[in-house]
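Coordinates in review
If you want the building blocks of each chain, they are given just below.
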Amino acid sequence: MHCEKIIVGAGTDYPLNGLLTLPDDLSGLVPAVVMVHGSGASNMDEKVMKLTPFKDLAEGLVRHGVASLRYDKRTFAHGCRLIRRKNITVREETIEDALLAVKMLKNDPRIDSSRIFILGHSLGAMLAPRIDAEGADVRGLIMMAGTPYRLEEIVLRQLKQAGRGRSILNHIIRMEYRIYRRKFRGLYEMSDEEAKKKKFAGNLTLFYFKEMGQKTAVDFLLASSKPAFILQGGKDFQVLAKRDYRMFRKLLAGRANTRYKLYPDLNHIFVKGIYDDILKASGEYKVERHIPEEVIKDIAAFIRSV
């Protein structure tokens, strides 16, 4: 294994530091994945406290002959500049950089340009089919802890989960839930201009959600025949196996080239779950663990088979 420092978007307004991880054996062209982050400002390892899922995946997949490209998310590297931008959407936050990363791999003479995959986690999984449809044109999609629901539905659900209990914090969260539920009401009946004027939180407006929610991951998948691998942790308290994973299987029941895998003991980061409770998220993620080899092997097997 060897790693090369690269810059995604060199020469653009938002250059991003990244790593290209390559197998030692480059006697032939190798397949590769582009890793697309979940929500929030994440570095190239998608570090969450003591967990580094993208680093784990890169170092695991390379042992199976699969290269990978991971990079700092734009909101991590250029957060202060993005705050000043009005009406940012997932296109500026995520999609543009993913397209540049795929293009970089397609232009690398060591990479098999016909065997490039998007590996999206959480929000990245929700966006993976859209990234492919909007120009990536990759071989297949690996969707880890994604959801077929719209983002605002997940935000409200997570607030409702976190509002359980009788503490002052729980009470505040329940108030937030009611506030955001009112904000989202009638979202898709609003004009774009109206949605752009309504604040959600920080520099985000409701247009961020409206623009993304026009078509869900399922909508994009049903319009595509690209192979897709949908993975879910059974102890994920952010995206739920009994709701999100089950709904994917229901809505995509007639779709060909779709594989599924549920890992009963793993959480949202695909490491062994501890608490299975959104109220203990900080405790869940501050204990160092790594993505097990079973997950790495399953992803590598999918890449080899399509």
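The sections below set out a description of the structure shown in this document. (Residues numbered from 1 in each chain as written. Predicted model: local features only at pLDDT ≥ 70, side-chain atom pairs only at ≥ 80, totals over all residues. Heavy atoms only, no water.)

1. What to know about the overall build of the chain
As a reminder of what qualifies: Here a helix means four or more residues in a row that DSSP labels H or I, a strand means two or more in a row labelled E, and each is numbered from the N terminus. Here the radius of gyration uses the C-alpha set of atoms, whereas the globule reference equals 2.2 Å times the residue count to the power 0.38. In this scheme, a residue with accessible area under 20% of its type's maximum is buried, one over 50% is exposed, and one in between is partly exposed, where area comes from a 1.4 Å probe on protein chains only.
When its secondary structure is counted, the chain shows 13 helices and 10 strands. Taking 306 residues into account, the globule formula puts the C-alpha radius of gyration at 19 Å, and the chain, at 19 Å, falls close to it. Based on the C-alpha atoms only, the size of the chain along its principal axes is roughly 60 × 40 × 40 Å. Per-residue burial for the chain yields a buried fraction of 55% across its 306 residues.

2. Some words on the nonpolar core
To be explicit about the condition: Definition of nonpolar core: a set of buried residues of the types Ala, Val, Leu, Ile, Met, Phe, Trp, Tyr and Cys, connected through side-chain atoms within 4.5 Å. Residue contacts follow a heavy-atom distance rule, with two residues in contact if any of their heavy atoms lie within 4.5 Å.
Among the nonpolar cores identified, the biggest contains 93 residues, and Ile142 and Ile299 are the most heavily contacted of them. Excluding residues within four positions of it along the chain, isoleucine 142 makes contact with Val33, Phe117, Ile118, Leu119, Gly120, Phe229, Leu231, Ile299, Phe302 and Ile303.

3. Re the layout of surface pockets
With a probe scaled to a water molecule rolled over the atoms, the places where space remains empty come into view. Convention followed: We place a 1 Å grid over just the protein atoms. Points where a 1.4 Å probe fits but has no way out form a cavity, open points with protein on both sides within 12 Å along at least 5 of 7 lines form a pocket, and any residue with an atom within 4 Å of a point lines it. Grid points are joined across faces, edges and corners, and a volume is the space filled by probe spheres set on the points. Three categories are distinguished: nonpolar for Ala, Val, Leu, Ile, Met, Phe, Trp, Tyr, Cys and Pro, charged for Asp, Glu, Lys and Arg, and polar for the others, with Gly belonging to the last.
Roughly 890 Å³ of internal volume is contained in the largest pocket. Lining the largest pocket are 37 residues, and of these Gly38, Ser39, Gly40, Leu123 and Leu151 lie nearest its centre. When residues in the lining of the largest pocket are grouped by element, the largest group, 5 residues, is from helix α6 (residues 151-162). Considering only residue class, the lining of the largest pocket consists of 20 nonpolar, 14 polar and 3 charged.

4. A word on a positive patch on the surface
Formally: Within this analysis, patches are made of residues with over 30% relative accessible area and no salt bridge. Like charges are joined at 9 Å or less; nonpolar side chains (Val, Leu, Ile, Met, Phe, Trp, Tyr) at 5 Å or less. Surface exposure here means Shrake-Rupley accessible area, sampled with a 1.4 Å probe, where a residue is shielded only by the protein chains that are shown. Salt bridge, as used here: a side-chain nitrogen of Lys or Arg that lies within 4 Å of a carboxyl oxygen of Asp or Glu. Within this scheme the basic residues Lys and Arg register as positive and the acidic residues Asp and Glu register as negative, but His and the chain ends are omitted. For this purpose, a charge sits on NZ of Lys, CZ of Arg, CG of Asp or CD of Glu.
Taken together, the side chains of Lys160, Arg178, Arg181, Arg182, Arg185 and Arg243 make up a positively charged region of the molecular surface. A per-element tally of the positive patch places helix α7 (residues 168-184) first, with 3 residues. Checked against the element boundaries, arginine 185 lands in the loop between α7 and α8 (192-197).

5. A word on unusual backbone geometry
Although it is not a glycine, alanine 145 adopts a positive phi angle of roughly 60 degrees. Counting through the fold element by element, alanine 145 comes out in the loop between β6 (140-144) and α6. On the accessibility criterion, alanine 145 (0% relative accessible area) is buried. One non-glycine residue with positive phi stands out, namely asparagine 257, at about 60 degrees. Locating asparagine 257 in the fold gives a position in the loop between α11 (241-251) and β10 (258-263). Assessed through its relative accessible area of 45%, asparagine 257 is described here as partly exposed.

6. Things to note about α6
Side chains of residues three or four places apart in an α-helix project in the same direction, reflecting 3.6 residues per turn. Rule in force here: To estimate the expected span of a helix, count its residues, drop one, and scale the result by 1.5 Å.
Taking 1.5 Å per residue, 12 residues should reach 16 Å; α6 reaches 17 Å between its end C-alpha atoms and fits that length. Of all the residues in α6, the buried ones are Leu151, Glu152, Ile154, Leu156, Arg157, Leu159, Gln161 and Ala162. Where α6 is buried, its residues touch α5 (123-136), α7, α9 (206-213) and α11.

7. Remarks on the environment of glutamate 93
Cut-off, in case you're wondering: What qualifies as a polar contact is a pair of N or O atoms within 3.5 Å, subject to a donor-acceptor requirement within protein and to the restriction that residues adjacent in sequence count only when both atoms come from side chains.
Position of glutamate 93 among the secondary structure elements: in helix α4 (residues 90-106). With 54 residues separating them along the chain, glutamate 93 and serine 39 place their C-alpha atoms 9.6 Å apart. Each residue touching glutamate 93, except ones within four places of it in the same chain, is listed here: Lys73, Arg74, Thr75, Ile88, Leu123 and Tyr208. Side-chain polar atoms of glutamate 93 contact the side chain of lysine 73, separated by 3.4 Å.

8. A word on the packing of α5 against α9
Counted only if it meets this: To get an axis, a line is fitted to the C-alpha atoms, and for a helix only the part in contact is used. The angle between two axes follows their N-to-C directions and goes from 0 to 180 degrees. Geometric relationships in this document are graded by angle, where less than 35 degrees denotes roughly parallel, more than 145 denotes roughly antiparallel, 65 to 115 denotes roughly perpendicular, and other angles denote oblique.
Relative orientation of the contacting elements α5 and α9 amounts to 50 degrees, with a least axis distance of 12 Å. The orientation of α5 with respect to α9, classified from their angle, is oblique. In this structure, α5 contributes Leu123, Met126, Leu127 and Arg130 to the contact, and α9 contributes Tyr208, Glu211 and Met212. Of the residues in the contact of α5 with α9, the class split is 5 nonpolar, no polar and 2 charged.

9. Some remarks on empty space enclosed by the protein
Enumeration according to the criterion identifies 3 cavities of 30 Å³ or more in this entry. Residue lining of the largest cavity: 15 residues in total, with Met126, Met212, Lys215, Thr216 and Ala217 positioned closest to the centre. For the lining of the largest cavity, the elements supplying multiple residues, two or more each, are α5, α6, α9 and α10 (217-222). Residue composition of the lining of the largest cavity, grouped by class: 8 nonpolar, 3 polar and 4 charged. Size it by volume and the second largest cavity reaches roughly 50 Å³. Surrounding the second largest cavity, Val36, His37, Tyr71, Lys73, Arg74, Glu93, Thr94 and Asp97 form its lining. It is α4 that contributes the most residues to the lining of the second largest cavity, 3 residues altogether. Class assignment for the residues of the lining of the second largest cavity results in 2 nonpolar, 2 polar and 4 charged.

10. Description of α5
Selection rule: The quantity called bend is, for any residue, the angle between two axes fitted respectively to the seven residues ending at it and the seven beginning at it.
When the terminal C-alpha atoms of α5 are compared, their 17 Å separation across 14 residues is substantially less than the 20 Å that a helix rising 1.5 Å per residue should span. Maximum bend of α5: about 35 degrees, positioned at arginine 130. Most of α5 is tucked away: 11 of the 14 residues are buried. Listing the buried residues of α5 in full gives Leu123, Gly124, Ala125, Met126, Leu127, Ala128, Pro129, Arg130, Ile131, Asp132 and Ala136.

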